Amino acid sequence: MTLKTEELRYFARLAACYLLLGLLPAFAEVQIIPQVADGGGWSTTIVLSNKTTASQSVNLRFNRDTTNGATEAWTPAFLESVSLPTFNLAAGSTMFLHTPGTAAAVTQGWGELDAGPGVVGYAIFTLTTNSAQDGTAPAVTAATRILVPFDNSSGLVTAVAMANPNASAESIQVNIKTSDGATSTGVLPQMPASGHMAFVLPDLFPETSGKRGLAEFYTTSGSFSTIALRFNPRQAFASAPVYPQTGQPIIGTTVTNPPASTPQVQIIPQVADGGIWSTTIVLTNTTTSNLTASLNFRLSVAGSGGATSAWNPAFLENLSTSNLSIPAGSTIFLQTPGTASSVSQGYAELTASPGINGYAIFTARTESSTQDATAPAVSASGRLLVPFDNDTGSGLVTSVAIVNPNATSQSITLNLRTSDGTTTTNLGLNLPAQGHLAVVLPNQFAATAGTRGLAEFYTSSGTIAFIALRARPGGAFTSAPAYFETGVPIITSGGGGGNGGGGSGSGGGDTTPTPSEIESWIAKGTYSAGSLGLTRATAYATTDTVGAAGVTPVTAMTKLDTFSGQFTRVGGADLAKSLRNELPPGFPTLNPTPGSCVVYNVATLTNPYPNLTSVGLDAGPQVTSNGPNGNQSALRQSIQVSGFTYNAANVPNTYLAPGRYTLTGPGGADVGGFSGALDIVQDLVVTNNPDDFKVLDRNGGITVRWTGGEPSTVLTISGSSYTINQQTSSAEGSAFVCIENTSAGQFTVPASILSQLPASGVIGAGGFNFITRGTFSVTASGKGSRFSTPSGLDILTVFNFWSWSFTPQYK
């Protein structure tokens, strides 16, 4: 059943009235969060990301609506503890702020984000009446002219909200050009100083009713801000991109000859048609010249690990996509039919004259709902930042589509920083030439499961393109912005921890500080330690890939060698507890005796030492490893918040080999020069068939077998699984740790342990079922070595590590 046109417009008007825009001057560092609504079925998530290597001061202020467009100061409640209006946002991090949404009546307003360059933000609007719906809109700035592609056809309605941030009244004029070429002009009611308005486009401009096209809003003085939302007949909504412009209006003016220019190439990273899916591609000519564009499509080959083939999808408009003519100041829409019984998916390459902007609308239709999300065409980049949200309490999952538009394969590295500050670095995947991969993020990268944070994807050569979607357990989804960057990575490994395993109990006695050393460090209230590491990581990642045959599990293997170092000064109130391994009451013991295991609830695992502080020390411009396969240098990287860290780039995955490694450092401002040797034995190799770990029977146990490794150390086997509670829509999970002597060569994780983990959950998204695969890893270290302590440190050690990881379904 669909809504009548008047009923649909009622819902669109109601939502448009909530779009109260910021009324502020358009400074480069000031952005407007155009909509904040809480209560009455609404909640808002504000997502702030710091794209720099320095901590940034952020000023976040809010105003709420009173009467007739007036506002007053507002301090909305957030589920997170944050001190408004001013706080710091750590380098290379993302912060999520959630309004509770529990009040009976809605309160709405807008937010002002005032921060240094490099801090960006967006808002996610959630409506929980009927079924949960999400929409995403970026923080925006003011402009003198704004282009708004609109679609009021097929029962769709476009809603627009505007604000005048100036101290004087503004008169905003309107030019409209529909897809049939008809043009019209108009003017909005005068907007007072610091005024705003929200309206449904066909209500003020009936000529847009039932039509698609382009609306141009402009003012001869001052500036204004605009956002738009697209509502479908089933009340689901999505953001509709708008294009801030400068210069004179373009609709209705004399058509000019296009200037000589080199075509630009943009990527639409996801196109899907069939099953329940269809895709609408929207192309806008923002100039006064008639321009051309071409679309070249690639189809994902199911089960190929990302390979593609040429594709020529059908469109309802029956237009050739090889040489599209887009008239000056107009928008064209290309919609796939979505009638095929099975889904085809891939990506598109848009080659067009400068001035052509594009985006895609993904539509999923089922008997009960129709969901939309939008994502822009993008230029490929060597580095991308993606805020992600796989929070266990909400059951949210972030999915990504990655494209390698190059003629050669690309090795992609991933660094993560979660909201608690934990960093995970040097994860990776390979993507073939002209490859395309659509995956659920926690399935591909288990370190993102159950967490929120910032993911940084980068490649040392070539480029990649990206989109991200955020999905709810019930199937609603919305776009999650990605930020295309250049330069070196900003997320690097910090001091401490990681994710456990590997090092527990490892190393010879000479690498372990003596009790007297520990007590002396406690007595002085601080200690300084250096650690160098050579690691080989082998990963088998199984992901659910949507192809012509439906959802198919595909396993990809990657091997990564790394060389890194960290020199850290540690202090704080929890120093004694951490050095003495004193855990809080009830905290699980994650280092059981060899031959045994422990199970724990993931939700209860918190930082046992919250009052521990650390800062990275300067040990010189680089540290060097000289081994059987040559030299590698880990270069010093300055992290504004935590000091310095050292990481080698582009280490070949053949670097680690049995033999002696000499590790040296020239010394720097905090740490003196050093040199020492580390002996590495034969690789530890898990000899099971990788298929043994695709599906784990929780009632049958699993025997792990291995060869090689350092026989004097212990080995860690760990795993985790979580599922979605259908009643609360929250994620619930457990994990285990088993310890065994490396010399044993095998260990059976018993059914009594695996049966305490939940069966892997299944997420239904767009008519497809995706498995929330868990983790299973085997890690161990070599014997290690303790070097003569240089000046500035209390202890300096070096280890090598091996890790094997899998993403099984726990049944």
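Residues numbered from 1 in each chain as written. Predicted model: local features only at pLDDT ≥ 70, side-chain atom pairs only at ≥ 80, totals over all residues. Heavy atoms only, no water.

## Concerning the overall build of the protein chain
Point 1. Of regular secondary structure, the protein chain possesses 6 helices and 57 strands.
Point 2. When its C-alpha atoms are laid out on the principal axes, the protein chain stretches across 85 × 55 × 55 Å.
Point 3. Within the protein chain, the fraction of its 811 residues that count as buried is 55%.
Point 4. A sequence separation of at least 24 residues applies to 77% of the contacts in the protein chain between residues at least 6 apart.
Point 5. As presented, the protein chain carries roughly 30700 Å² of accessible surface, and 51% of it is formed by carbon and sulfur atoms.
Point 6. Here the protein chain contributes 34 positive and 44 negative side-chain charges, whose respective centroids are spaced 3 Å apart. (Helix = DSSP H or I, 4+ residues; strand = E, 2+ residues; numbered from the N terminus. Buried < 20%, exposed > 50% of the residue type's maximum accessible area, 1.4 Å probe, protein only. Contact = heavy atoms within 4.5 Å. Areas by Shrake-Rupley, 256 points an atom, 1.4 Å probe, with all protein chains shown as cover. Lys, Arg positive; Asp, Glu negative; His and termini not counted. Charge placed at Lys NZ, Arg CZ, Asp CG, Glu CD.)

## Here we look at the side chain of Thr775
Point 1. The topology assignment puts Thr775 in strand β54 (residues 775-781).
Point 2. Of note is the side chain of Thr775, whose polar atom sits 2.7 Å from the side chain of Ser720.
Point 3. Here Thr775 is in contact with Ala446, Ser718, Gly719, Ser720, Phe806, Pro808 and Tyr810, once residues within four sequence places are set aside. (Polar contact = N/O pair within 3.5 Å; in protein donor to acceptor, adjacent residues only side chain to side chain.)

## Quick look at the state of the cysteines
Point 1. One pass over the full model with this rule turns up 1 disulfide.
Point 2. In this model, Cys597 is linked to Cys738 through a disulfide, with the two sulfur atoms separated by 2.1 Å. In this structure the cystine formed by Cys597 and Cys738 twists about its S-S bond by roughly 105°; its chirality is therefore right-handed. Linking Cys597 in strand β39 (residues 596-601) with Cys738 in strand β50 (residues 730-741), this pair joins segments that are 141 residues apart in sequence.
Point 3. Taking the relative accessible area as the measure of exposure, Cys597 reaches 22% and is therefore partly exposed.
Point 4. When its relative accessible area of 1% is taken as the criterion, Cys738 is described as buried. (Disulfide = S-S within 2.5 Å.)

## Details of the sheet that holds strand β28 (residues 383-389)
Point 1. The strand order across the open sheet formed by 5 strands is β31-β30-β33-β28-β36, and the pairing between neighbours is antiparallel. Each edge of the sheet is formed by a strand with only one pairing partner; in this case those strands are β31 (423-431) and β36 (483-485). Here the average twist between neighbouring strands, direction ignored, is 25°. (Pairing = 2+ DSSP bridges. Axes fitted to C-alpha atoms, helices over the stretch in contact; angles between N-to-C directions.)

## What about the pairing of strand β56 (residues 795-806)?
Point 1. Of all 12 residues in β56, 10 are buried, a share of seventy percent or more.
Point 2. Inspection of the sheet shows β54 paired to β56 by 6 bridges, in the antiparallel sense. Counterpart to Ala780 in the pairing with β56 is Trp802.
Point 3. Pairing analysis gives 2 bridges linking strand β55 (residues 785-786) to β56, with the strands arranged antiparallel. In the sheet register, Ser785 faces β56, and the bridge partner there is Val798.

## A few points about the side chain of Gln410
Point 1. Inspection of the secondary structure assignment puts Gln410 in strand β30 (residues 410-418).
Point 2. Within the structure, the side chain of Gln410 is placed 2.9 Å from the side chain of Thr459, a separation counted as a polar contact.
Point 3. Excluding residues within four positions of it along the chain, Gln410 makes contact with Asn404, Leu429, Asn430, Leu431, Thr459, Ser461, Gly462 and Thr463.

## Some words on the pattern of salt bridges
Point 1. Across all of its chains, the model carries 24 salt bridges by this definition.
Point 2. Of the charged contacts, one joins Arg536 and Asp561 as a salt bridge, the two residues approaching to 2.7 Å between their closest N and O atoms. Here the residue Arg536 occupies a position in strand β37 (residues 526-547), and Asp561 occupies one in strand β38 (residues 550-571), the gap between them amounting to 25 residues.
Point 3. The exposure class of Arg536 is buried, given its relative accessible area of 9%.
Point 4. Several salt bridges converge on common partners, so that one network encompasses Glu80, Asp134, Asp389, Asp391, Arg452, Arg470 and Arg472. (Salt bridge = Lys/Arg side-chain N within 4 Å of Asp/Glu carboxyl O.)

## Description of the sheet that holds strand β18 (residues 243-245)
Point 1. Here we have 5 strands laid out as an open sheet, ordered β13-β12-β15-β10-β18, and antiparallel in their pairing. The strands lining the two open edges of the sheet, one partner per strand, are β13 (183-187) and β18. On average, each strand axis in the sheet is inclined to that of its neighbour by 20°, with strand direction left out of account.
Point 2. Taken together, the 7 bridges between strand β10 (residues 145-151) and strand β15 (residues 212-218) define a ladder with antiparallel strand orientation. When the bridges of β15 are listed, Pro149 appears paired with Leu214.

## What about the nonpolar core?
Point 1. Ranked by internal contacts, the top residues of the largest apolar core, which has 48 residues, are Phe567, Ile717, Phe736, Val749, Phe776 and Val778.
Point 2. Per-element accounting of this core gives the leading share, 5 residues, to β56.
Point 3. Listed in part, the 34 residues of the second largest apolar core include Ile281, Phe315, Leu350 and Ala471. (Core = buried A, V, L, I, M, F, W, Y, C linked by side-chain atoms within 4.5 Å.)

## Considerations on helix α4 (residues 515-524)
Point 1. Ile518, Trp521 and Ile522 are the residues of α4 that are buried. Buried residues of α4 fall within an arc of 100° about the axis and therefore sit on the same side. Residues Ser516 and Ala523 are exposed on α4 and point more than 90 degrees away from its buried face.
Point 2. Of the residues trailing α4, Gly525 is marked for its positive phi of about 85°. (Arc of directions from axis to C-beta.)

## A word on the layout of surface pockets
Point 1. The computed volume of the second largest pocket comes to approximately 1100 Å³.
Point 2. Along the walls of the second largest pocket sit 39 residues, with Pro138, Pro376, Pro481, Ala482 and Tyr483 positioned nearest its centre.
Point 3. For the lining of the second largest pocket, the secondary structure elements donating two or more residues are β8 (119-127), β9 (133-138), β16 (225-231), β18, β26 (356-365), β27 (370-376), β34 (465-471) and β36.
Point 4. Counted by class, the lining of the second largest pocket contains 25 nonpolar, 12 polar and 2 charged residues. (1 Å grid on protein atoms, 1.4 Å probe; cavity = no way out; pocket = protein on both sides within 12 Å on 5 of 7 lines; lining within 4 Å. Points joined across faces, edges and corners; volume = space filled by probe spheres on them. Nonpolar A, V, L, I, M, F, W, Y, C, P; charged D, E, K, R; others polar.)

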